[in-house]
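Below, each chain spelled out in residue letters.
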Amino acid sequence: MKIAVVQFPGSNCDQDCLRALTDGLHLPAEYVWHKQTSLSGFDAVVLPGGFSYGDYLRCGAIARFSPIMRAVVRSAKEGMPVIGLCNGFQILCEAGLLPGALIRNQSLRFVCQSIWLRVETGDTPFTANLQGRRVLKMPIAHGEGSYFVDERSLETLESKNQVVFRYVDETGDVTAGSNPNGSIHNIAGICNEARNVLGMMPHPDRAWDRKLGSEDGKLIFGSLAETLEPVVSR
Amino acid sequence: MVTEITPDLIRTHGLTDQEYAQIKAILGREPNFTELGVFSVMWSEHCSYKNTRLELKKFPISGQKVLVKAGEENAGVIDVGDSWAVAFKMESHNHPSAIEPFQGAATGVGGIIRDIFTMGARPLFLLDSLRFGPIQGASPAAKNNRRLFSEVVAGISHYGNCIGIPTIGGEISFDESYEGNPLVNVFCLGILRHEQIARGAAKGVGNSVFYVGSETGRDGLAGAAFASRDLTEQSKQDRPAVQVGDPFKGKLLLEACLELLASGCVAGIQDMGAAGLTCSTCETASRGGTGVEIDLALVPQRETGMTPYEILLSESQERMLIIVERGGEATLKEIFDKWDLPYARVGEVTCDGMMRVLDHGCVKVEIPARKLANNAPVYEREALADPQAPEFRIEDLPAADSHESLIRLLAYPTIASKNWVYRQYDHTVRAGTVVPPGSDAAVFYVREADKFLAATTDCNSLYCKLNPREGARIAVAEAARNLICSGAKPLAVTDNLNFGNPYQPKIFWQLRESVEGLAEACLRFGVPVVGGNVSLYNQNPNSAIDPTPTVGMVGVIGEERWITRQYFCDQSDIIYLIGPVGHELGASQYLKIIHGRKEFLPPRLSYDLELGVQAVVLSLIQQGLVKSAHDCSEGGLGVALAECCISGPRRVGARVDFGNWPERLDQILFNESQSRVILSAPPEAKEALEAVCAAAEIQFGRMGQVGGSDLIVSARRETLLWDVDELYHAWYDSIERVMRS
Amino acid sequence: MLGVPMKVDVVVMPKQSVLDPQGVAVRNALKDLGLDSVESVRVGKFLELEFKTLPDEAKLQEVCRDLLSNPVIEEYTIRIA
């Protein structure tokens, strides 16, 4: 098994993601440069956070035209697990792999803080180990993280169980106060209909070491690894 | 067209007749217009430290662990063990931030980051020390201060967040003296192995000189000279001088330069900061004992029709000068192509010691590099002492309601929680932040080196105003105390000296007193000064800022279990005060905020007491006897106790009793005597802890116990009670409330 | 006339001499997408203001200068539709 961490110009969580995978979970992972055109040899791909292309024009708008994105889209359609974190989520939305968009935070300010999120479905490769609406703690850090989608798509997302994470309070309740950015329905992460593409604003890549105040991020990468392993060893 | 050098032109370049004579002596002829510009920026205060150099020599800069000394390079480097080292420095961007706060602060962040990676270090984190005029109220001045404050914070957040370097701490305070002249001091620290130290020297005659990074435009024209003048109405006319930062380019440049440095083909590297191409060419040549010859026609340019003068003096951001070893050209090209960054071979290292600048082959500048870089005039300015401030007498102070006073102090923006600010900074990127902003010192885990570092910035400008020497000493003591409270041993210091116009004898006196105070304290605490920055001419039309010699200090925490936080953790823990109860109210926040009096002598520092307290606290932490440690500073014991109750993830009450202590309750609660730390410890640690303190012969006292949901303070017959939730909201939401008004 | 809102368009652009990092990034992206001949891109803001009655010209200039644009790095043009 091998996991790709894509480096766009302006990615700044690429090193954190690689370390989370290799140091935190002892998983084989490698960088893939944005100018590359193939993901062959990889079993999953992470689009890390940061400010790809400075987030100029719109977050993720330029990155989605990077050469590697054609391979990401192709692999995603073939069923490869793809996870976009923060800026990676924004890129997945711009690339059309996930519905909706991430717009400016309701406060109009960048927000960096620790939040609670509830796992809404265990039916994805990233949450298979997280049954029973578990509540996780991890940081967020974004200026444009308010998830927005039109009403019809929202209904689809909810009815098809594509909302993977929701912002909640410490006890696991969805409240207005626990929504840090004004996301519709407190949505923090969603998957596609085929359930192999996940986008989320919170940072599991910053929550994998006791020293950092939370290790909950490991649960997500760990689920992914366990889902992949039987596939690879087959 | 040849511009004639007139006395007027010389004066508008900020050069005196005497300095002009010296220039002619160096050249053996009259300078041309471009050369005049070059001398003007290199001999500005910002680049040459001509008014402060003699003072800065007083700092202790050596130490066993110092690998690169202050003044040698862009930043000092200090050993942290196991062949790892840190490079760190603090720098001001006060004047640009006064004119255009967002870009001024953003480019300040970009500049200090380049200073660090120029040393070969990977930047790990940032701290900011910020000062503004008061932000409360509906006056136009307050409104403007709020604008400056929010734009500066947004600018720091814009650059730091985008480039992906966490901003994990610092300090912010508010005072009338900063009205119209905010202070923006930015600190950056990076990590490197000893063998990775890079030098800003043009080594190796015949080596290629490359320009890399953003194209040159007319932005920031002569910013260094601009930072060396008073801010006046005229300054607003100078507005086109403000540079625009591009953190995206900054990130690419950072990664490309580190990759190139790792390849081993770099002979010398220098950031183009203040005075841009001029400073980087003459300084690299001067340090290398060589010359540098470049042709401006080869410099990547963003605008057309730029003159040699404009190209040389431009302060466009995100640019570096790199000298590569012979044969390294291809490696440079490969790496900068990969990162899609402009680069150009603009010249080469020569043996004749000259900074020679051509334009399409015609010589435009020819100046002995070493003389230009090092022979700037040095002045001893006249100093005139302020009359000593009077001693505070408690008899003269009407008693105020201490219950209400504590709430008002906690809500005052200087003391209130800065969450409104640090929530806008990405403080968790790079996955190393162990103690986030809001504590005495920030703690960062350096994964590659397996080291825990603590860092803080400190300066109480009110003390410095009323006694600059004592204020400067206390800045060092407090920084060290903050580090100790987090479990760290102080290692080294960077300083940022912010003062008014040095030609005013009273201002120069403040500067000299502050430098001597800092120097003496650094020596006593065993922390060398490894670098820093001077920012003068910080005045608005009415007056100068209060003297603000900001101290940035870094320490190492030997073991993870020593990391200590400031807040109370568990019910029934015992609360100790290490150090005296104190009585000094002069220059306190209580006098300023509650009584409207910015006067009297500040508290006095005793080195013996301070060093004793710090040694005991660190020893108790290392022996595992302590659950929390918090330094008492602005607002005294009252504010510190409240912060212990409300700054943690769980609010908790405390009951504290001063028994028959003779002083007035407001004096007990709000005096700012130095050398005091509040500890909490589990009941089972009581005997061991008290034995350690007694053996060290350090003043200490059991103050009370953690518990309940109120902070209860008694002394003699008086008892005060605060609901911790009320204290929390007064403190936590204060700045948000002010900014919404 | 009554009830028909007056429209004023304000275009805010980075000054010619000021670096526009966003414009540069967009220009490079356009080139990458095959629009080879693109020379330069500058990104600004477009604001549509509606008024009940035509505002005072001086006041309009003032708010454009002090609020809608940052005169340090931007310039604006006003078009009354």
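Shown above is the structure to which this text applies.
Parameters at a glance
Residues numbered from 1 in each chain as written. Chains lettered and ligands numbered in written order. Predicted model: local features only at pLDDT ≥ 70, side-chain atom pairs only at ≥ 80, totals over all residues. Heavy atoms only, no water. Contact = heavy atoms within 4.5 Å. Buried area = accessible area lost by both parts, 1.4 Å probe. Salt bridge = Lys/Arg side-chain N within 4 Å of Asp/Glu carboxyl O. Polar contact = N/O pair within 3.5 Å; in protein donor to acceptor, adjacent residues only side chain to side chain. Nonpolar A, V, L, I, M, F, W, Y, C, P; charged D, E, K, R; others polar. Buried < 20%, exposed > 50% of the residue type's maximum accessible area, 1.4 Å probe, protein only. Pairing = 2+ DSSP bridges. Helix = DSSP H or I, 4+ residues; strand = E, 2+ residues; numbered from the N terminus. Axes fitted to C-alpha atoms, helices over the stretch in contact; angles between N-to-C directions.

Undergrad: An account of the interface of chain C and chain A is requested, with residue identities and associated values reported.
TA: With 6 residues of chain C at the interface, the matching set in chain A holds 5 residues. When chain C packs against chain A, the two sides together hide about 520 Å² of surface, and 81% of this comes from carbon and sulfur. Counting every contact that joins chain C to chain A gives 0 salt bridges. On the surface where chain C and chain A come into contact, there are 1 residue pair in polar contact (both at pLDDT 80 or more). Split into classes, the residues belonging to the side of chain C that touches chain A amount to 5 nonpolar, 1 polar and no charged.

Undergrad: I'd like to hear about the pattern of salt bridges, residue by residue, with values.
TA: For the coordinates displayed, the defined rule picks out 73 salt bridges over all chains. When the shortest N-O distance is used, the salt bridge between A:E215 and A:K218 registers 3.6 Å. Under the relative-accessibility criterion, A:E215 is labelled partly exposed at 36%. A:K218 gets classed as partly exposed once you look at its relative accessible area, which sits at 27%. C:R65 is the salt-bridge partner of C:D66, the closest N and O atoms lying 3.2 Å from each other. Residue class for C:R65 comes out partly exposed when judged on its relative accessible area of 39%. Salt bridges linked by common partners bring B:E55, B:K58, B:E380, B:R469, B:R512, B:E513 and B:E516 together as one network.

Undergrad: I'd love a proper account of the sheet that holds strand β5 (residues 167–174) of chain B, names of residues and values included.
TA: Residue and element names in this part refer to chain B. The 6 strands lie next to each other as β1-β2-β3-β6-β4-β5, forming an open sheet whose pairing is mixed. At either margin of the open sheet sits one strand with a lone partner, and together these are β1 (66–68) and β5. Direction aside, neighbouring strands of the sheet carry axes that sit 25° apart on average. In the sheet, strand β2 (residues 76–81) pairs with strand β3 (residues 84–92) via 5 bridges, with the strands oriented antiparallel. If you follow D79 over to β3, its bridge partner there is A85.

Undergrad: Quick one: what's the story with the environment of B:D426, residue by residue and with numbers?
TA: For B:D426, the position within the fold is in the loop between α17 (419–422) and β14 (433–435). A relative accessible area of 3% places B:D426 in the buried class. Measuring from C-alpha to C-alpha, the distance between B:D426 and B:I168 comes to 8.2 Å, with 258 residues separating the pair along the chain. With sequence-adjacent residues up to four places away left out, B:D426 is seen in contact with A:F110, A:C112, A:A141, A:R206, B:N161, B:I165, B:P166 and B:T167.

Undergrad: Tell me about the side chain of B:S461, and name the residues and values.
TA: All names here are of chain B. Mapped onto the elements, S461 comes out in helix α18 (residues 461–466). The exposure class of S461 is buried, given its relative accessible area of 7%. For S461, the side chain forms a polar contact with the side chain of Y178, separated by 2.9 Å. Those residues in contact with S461, other than ones at most four positions away along the chain, are R131, Y178, D546, P547 and T548.

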